[in-house]
Amino acid sequence: MTQDPTTTPLAEKPAAAPQTRFTVTPRYRVEENADAYVITADVPGAAATDVETIVDGEKLVVNARRNWIAPEAWTLVHRETARADYRLVLELDRRVNRDAIKAQLTQGVLTLTLPKAGELKPRKIEIAG
Amino acid sequence: MKLIRFRPTTPTFNQGTLLAELDRLFDAGFPAFNRGPTFGAFPVDIYQDGDAVNVCAELPGFRKEDLHVKVADDILTITGHLTTADAKDKDAPKTETTIERAIALPENLNYDKVAAAYENGVLTVTLPKRDEVKPKTVAIEVK
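Residues numbered from 1 in each chain as written. Chains lettered and ligands numbered in written order. Predicted model: local features only at pLDDT ≥ 70, side-chain atom pairs only at ≥ 80, totals over all residues.

A few points about the overall build of chain B
Step number 1: The secondary structure content of chain B amounts to 1 helix and 7 strands.
Step number 2: In sequence order, chain B lays out its α and β elements as α-β-β-β-β-β-β-β.
Step number 3: Across the 143 residues that make up chain B, the buried fraction comes to 25%.
Step number 4: Partitioning the contacts of chain B with sequence separation of at least 6, the portion at a separation of at least 24 is 54%. (Helix = DSSP H or I, 4+ residues; strand = E, 2+ residues; numbered from the N terminus. Buried ≥ 20, exposed ≤ 12 C-beta atoms within 10 Å, placed from the backbone. Contact = placed C-beta atoms within 7 Å.)

See the structure below:
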């Protein structure tokens, strides 16, 4: 039988959920060339200090915060952008060399270069003897 | 007091249905103009304060020289050119894409002092108001 919420003492009520910032998945595209996979993600409004790229086990996580706030004197007349941070989660597999992932941010476009793992390239095996 | 009405123009492609607008809330706002079938507009926010009207457009991935901002006849036009090379076929001709958005402005702006800045993929256009329309405080003596 569940407790009546109106009579439960405050100490026993579950804590309120922590405040989370709303996130959206940014537009992104994945391309492949001979040596690497290249991911370009559109994150306008995020400065280089606000973007973090984390490799967490099997996942590649990109968090980009939009920290620009309009000055107080500005009043909003028309809004079309989402006032949300960006979060992109991609799954990596053995095709990617996780230690050599590079990231670059230029004018709101984040470019991630994921080099292909060496063992996937064709190797010649010499015959002993 | 003169009332200033904003009449921002609707995007040029078909995104008028309510469902499409709701979908946009859950998706990042920049339609991939050269990376998918949708073509054209980019999201724009408009602010104003006592001195100026500020237009912020999200245009990631451009170079400053590829962005053009024009004001004429109370209309602000923002144009972006993009040239993309095919990653795999180096000899293929580069694709050129242009996206453009025209925004209706209130009257009485000072077009001589318009400034634009491009940072972190956001283009901010500042259009100062003419002095005679700025809010003025007049002190009235009580006799």
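There's plenty left to go through after this.
Quick look at the overall build of chain A
Step number 1: For chain A, the helix and strand inventory stands at 0 helices and 9 strands.
Step number 2: In chain A, buried positions account for 17% of the 129 residues.
Step number 3: Long-range pairs, those at least 24 residues apart, make up 54% of the contacts in chain A between residues at least 6 apart in sequence.

Some thoughts on the nonpolar core
Step number 1: Grouped together as the largest cluster of nonpolar side chains are 20 residues, with contacts concentrated most on Val44, Val53, Val55 and Ala57 of chain B.
Step number 2: Only β1 (44–48), β2 (52–58), β4 (75–84), β5 (95–104) and β7 (122–128) of chain B provide two or more residues apiece to this core.
Step number 3: Top element by residues in this core is β2 of chain B. It accounts for 5 residues.
Step number 4: Not counting chain neighbours up to four residues away, the residues in contact with valine 55 of chain B comprise Val44, Ile46, Leu76, Ile103 and Val125 of chain B.
Step number 5: Membership of the second largest hydrophobic core comes to 13 residues, among which are Ala41, Val62, Leu88 and Leu114 of chain A. (Core = buried A, V, L, I, M, F, W, Y, C linked by C-beta atoms within 7 Å.)

Topic: the confidence of the model for chain B
Do not read the predicted coordinates in detail wherever pLDDT is low.
Residues and elements named next belong to chain B.
Step number 1: Averaged over chain B, the pLDDT score is 74; the fraction of residues at 70 or greater is 64%.
Step number 2: At the low end of the mean pLDDT range in chain B sits helix α1 (residues 18–25), at 53; at the high end sits β7, at 93.
Step number 3: A low-confidence stretch, residues 10–16 (pLDDT under 50), is modelled with 10 contacts involving residues beyond four sequence positions or located in other chains.
Step number 4: Taken as a whole, residues 28–40 scores under 50 in pLDDT and shows 39 contacts with residues more than four places along the chain or in a different chain.
Step number 5: This prediction of the complex comes with two scores: 0.68 for pTM and 0.71 for ipTM. (pLDDT = per-residue confidence, 0-100.)

Describing the sheet that holds strand β3 (residues 36–42) of chain A
All names here are of chain A.
Step number 1: On the basis of which strands lie adjacent, the open sheet formed by 4 strands has the order β2-β3-β9-β8 and antiparallel pairing. The open sheet has two edge strands with one neighbour each: β2 (28–32) and β8 (102–106). With direction set aside, neighbouring strand axes in the sheet form an average angle of 15 degrees.
Step number 2: As defined by bridge partners, β2 adjoins β3 across 5 bridges and the pair is classed as antiparallel. (Pairing = 2+ DSSP bridges. Axes fitted to C-alpha atoms, helices over the stretch in contact; angles between N-to-C directions.)

Section: the environment of valine 55 of chain B
Residue and element names in this part refer to chain B.
Step number 1: Mapping valine 55 onto the fold places it in strand β2.
Step number 2: The buried category is assigned to valine 55, around which 26 C-beta atoms lie within 10 Å.
Step number 3: Once the C-alpha coordinates of valine 55 and threonine 126 are considered, the two residues, 71 residues apart in sequence, prove to be 6.5 Å apart.

A few points about the environment of tyrosine 28 of chain A
Residue and element names in this part refer to chain A.
Step number 1: Relative to the elements of secondary structure, tyrosine 28 occurs in strand β2.
Step number 2: By C-beta crowding, tyrosine 28 is classed as buried, having 20 other C-beta atoms within 10 Å.
Step number 3: Not counting residues within four places of it along the chain, the set of residues in contact with tyrosine 28 comprises Ile39, Thr40, Ala41 and Leu88.

Considering the interface of chain B and chain A
Step number 1: Taken together, the contact pairs 27 residues of chain B with 28 residues of chain A.
Step number 2: Among the secondary structure elements, those contributing two or more residues to the side of chain B that touches chain A are β1 and β2 of chain B.
Step number 3: Take the side of chain B that touches chain A: its biggest share by element is 5 residues, from β1 of chain B.
Step number 4: Within the side of chain B that touches chain A, the residues separate by chemical class into 16 nonpolar, 6 polar and 5 charged.
Step number 5: With 3 bridges connecting them, strand β6 (residues 75–78) of chain A and β1 of chain B associate as antiparallel partners. Pairing of histidine 78 of chain A across the sheet is with isoleucine 46 of chain B, part of β1 of chain B. (Nonpolar A, V, L, I, M, F, W, Y, C, P; charged D, E, K, R; others polar.)

A closer look at the pairing of β1 of chain B
Walk down a regular strand and you will see the side chains alternate between the two sheet faces.
Residue and element names in this part refer to chain B.
Step number 1: Most of β1 is tucked away: 5 of the 5 residues are buried.
Step number 2: Residue alternation in β1 divides its side chains into two sets, Val44, Ile46 and Gln48 and Asp45 and Tyr47, and both sets are buried.
Step number 3: Between β1 and β2, which pair antiparallel one after the other, the connecting turn spans 3 residues.

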